[in-house]
Structures are given as structure tokens and as C-alpha cells.
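Structural characterization, general
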Amino acid sequence: MVLAAVADPPVRRGSDYAQLSRRISRAGLLERRPGWYAVRIALTLGAFVAGWVAVILVGDSWWQLLLAVGLAVATTQVAFLGHDAGHRQMFRRRGPSEAVGLLAGNLAVGLSYGWWVDKHNRHHANPNHEDEDPDVGAGALVWTHEQALQTRGFGRRLARRQAYLFFPMLLLEGLNLHVASIKAVVGREPGGAHRTPMRHRGVEALLLAVHTAGYLAVLLLVMSPVQALAFAAVHQGLWGLYMGCAFAPNHKGMPMPTAEDDFDFLRKQVLTSRNVRGGRFVDVALGALNYQIEHHLFPNMPRANLRRAQPLVKAYCAEQGIPYAETGLVESYRQALAHLHEVGRPLRG
């Protein structure tokens, strides 16, 4: 199996989605924004590199923990660039998109680009579908009553109180992403085939190794072992927390289709997604993932165009009588946590 970028949605002439797609296309919102991305990449990577230069200059000092906080933010912003590259929002051609994705994901962040594209493809194809979307499969958290009832031992104790533990558990998400990336690169099925499809497995492995070696070398050469451990804990913990907080508002607590539901593409994407209001600060903080409905309908649309597409999509959904979920950031978390709490209810009886 050969990995492509996150797939374009199917467009059938005369369908409800096709009519919306024509409106969006006529507005020029599917055109690439190379100038905008050139500035965004320069600013993001500039902040990321400046953070690491500051770490080297500050040296053996507990002030490094403040730099770890700033680098957690910069690292997440770099990860957003990898996300956009995976969707080919920057370039139409696969080569440049993969180059940016590999450099941003594997080298800068330590996250396997090929693993993420494979996983994210499946999420976009069937968002919030318990059997098809890997983001709502049973794991440390459970998303349905059925998943909750299947837990045992320590997992069941987590599920009972998972709403209260959600944010603390996100502090481990960075470590989880690193481990999952390594497993994806080297993991094999019993028959010997690689478990995760990947176009550039050797390059991914090399870049992950360079990232890990460089990360450890910088920390251990410029600060004491205890400070290095504290820096890594703050940096990786807050990076995982930030990543989780950026992605959690998008679908958690929204309807979860089953095999019995027969939604067309438009309704499947809109009904399972939630937008987050908040202005340009939220746009930057969440990497424009707060326009989750528009992003799921047009995954290749450049990030900068999602804000402009939103009024067109919202108006079209009103015409079609399709509920369009939009709320504030705090309320989005409240809804997500309420869903997690409700899922654990059968275990608390």
C-alpha cells in the first residue's frame, strides 16, 4: 500500500457536497497560498530555532524551565505545519509536501510523518466512527459505553474517572506520540510485513534517530542531568497537553455514527465536527483547527482560507437544514469532558 497525502473527498456532480464545493471553488478558496505559508514557515521555524539557541546560551540554569514552556508552544506550532503539509495545503505536488512533513514531523518534533498520515487518513474518512476512526478506538480513554464495559483492572478504574483525569493524562501524550512513531517505523506483523504503510521508512527512521540524539545531546551538554530531566518533563509534558487541547474540541462529544448510519459525505463530516469561536488568537493557537467543519469538508484548503470559507459553509448548512455546531473554547472542553463522564457512568453504578 502506498501512502498519499490525506485524501481529497469524493465529489459527485449534483450531490449536496458538489454544490457547496462549486461555491467554495468559485470563491477561490481552494487556491494555494505560497506567500502566506512562506511567512508562516519562516516565523514558526524562526521561533523554534531561537528557542533552542536560547537553551544553549542560558546553559546550566533553572531558567531553562521557562524556555521549556516556550519551546512546547513552538514545537506544537511546528507540528501544525506538518499537519498542513500532510493535507497538501502548502503544495499541490507530493514531493515538496512530504519534504516539509518529514522535516517538521520526524526531525523537528520527533513524530513519524508517515504514521500520522496513515492514521489521519482513516480519521478523515470516517470521523468519530467507533470501528473506523482510530482517534476514538478504545485505549487509555474510552469513548462509548460498550468500550467502557469491556475495560478491566486498572483500565476500568481510569474509565470511571476519565473526565477528571483527561487533562493530567494529556501530559503523557507527547511520550505516547514518540513511542507510537517508533513502533510504526519498526513494527511488523507476525508474517514479517510492516504494520504501518510508509513511503520513506528509512528516511523516517534516520530523522527520528537524529532528532532523539540531538535532543539528548543538547540537554546533557548544556545543563546538569537533573535539570535536563526536568526540562524534558516540562517540554514534553506541555507539548502533549497543548496537542491534546488543540485536537480535543474538534469531535469529542459530537455524534458517533455506526455502521447502521447512512450519511452522505457532507453530513458525515459536518455532524461529527465542532467549530470553536474565538477570533484570530484562537486561530493561531489552534492552528486553524477551530474551523474543523470546513477543514473536514475541504482538507486541502490552505489554513489561511478556512476563516473566509466558514460563512459560506455555515450558510449552506442552514439552507440544507444541517445542524452546524459552533461554540466557545471553554464550552467545547466542557462538552468533551461531559461526554467522557457520561461514557464512564455504567462503571460508577
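Residues numbered from 1 in each chain as written. Predicted model: local features only at pLDDT ≥ 70, side-chain atom pairs only at ≥ 80, totals over all residues. Heavy atoms only, no water.

**Comments concerning the overall build of the chain**
Formally: Numbering goes from the N terminus for both helices and strands, where a helix is a DSSP run of H or I of at least four residues and a strand is a run of E of at least two. Radius of gyration here uses only the C-alpha atoms, and the compact-globule reference equals 2.2 Å multiplied by the residue count raised to the power 0.38. Buried means the residue's accessible area, taken with a 1.4 Å probe over protein chains only, is under 20% of the maximum for its type, while exposed means over 50%, and partly exposed covers the values in between. Contacts between residues were defined by any pair of non-hydrogen atoms, one from each residue, lying within 4.5 Å. Computed with a 1.4 Å probe, the accessible areas rest on the Shrake-Rupley method; for each residue, only the protein chains presented here act as cover. None of His or the chain ends enter the tally, which takes Lys and Arg as positive and Asp and Glu as negative. Where a charge sits is defined by one atom per residue type, namely NZ (Lys), CZ (Arg), CG (Asp) or CD (Glu).
The helix and strand tally for the chain stands at 16 helices and 2 strands. Relative to the globule expectation of 20 Å for 349 residues, the C-alpha radius of gyration of the chain, 21 Å, shows essentially globular dimensions. Taken over the C-alpha atoms alone, the chain extends approximately 60 × 55 × 45 Å along its principal axes. For the chain, the residues scored as buried account for 49% of the 349 residues in total. A fraction of 72% describes how many contacts in the chain between residues 6 or more apart in sequence connect residues 24 or more apart. When the accessible surface of the chain is summed, it comes to about 16,300 Å², and 64% of that surface belongs to carbon and sulfur atoms. For the chain, the centre of its 37 positive side-chain charges and the centre of its 26 negative side-chain charges are spaced 3 Å apart.

**Remarks on helix α10 (residues 201–222)**
What counts, and what does not: What a helix should span is 1.5 Å times the count of its residues minus one. Here the arc refers to the set of directions running from the helix axis out to each C-beta atom.
Helix length check: α10 (22 residues) gives 32 Å between terminal C-alpha atoms against 32 Å at 1.5 Å per residue, within 8%. Taken residue by residue, α10 has Arg201, Glu204, Leu207, Leu208, His211, Tyr215, Leu219 and Val222 as its buried positions. Here the buried residues of α10 occupy an arc of 150 degrees about the axis, which is enough to place them on one side. Residues of α10 that are exposed and angled more than 90 degrees away from the buried face: Gly202, Leu206, Leu220 and Leu221.

**Overview of the nonpolar core**
One recurring pattern in soluble globular proteins: nonpolar side chains tend to sit buried together. Our working rule: Only buried residues count toward a nonpolar core, which is a set of Ala, Val, Leu, Ile, Met, Phe, Trp, Tyr and Cys residues joined through side-chain atoms within 4.5 Å.
Trp52, Trp115, Leu219 and Phe231 are the most contacted members of the largest nonpolar core, which has 34 residues in total. Looking at this core, the elements with two or more residues in it are α2 (34–58), α3 (64–86), α4 (94–109), α5 (113–125), α9 (173–186), α10 and α11 (225–247). Of the residues forming this core, the biggest block, 6 residues, is contributed by α3. Setting aside its immediate chain neighbours within four residues, tryptophan 52 contacts Leu71, Tyr215, Val218, Leu219, Phe231 and His235. Of all hydrophobic cores here, the second largest spans 21 residues; its members include Leu29, Ala288, Tyr291 and Phe298.

Any functional reading would require information beyond the geometric quantities listed.
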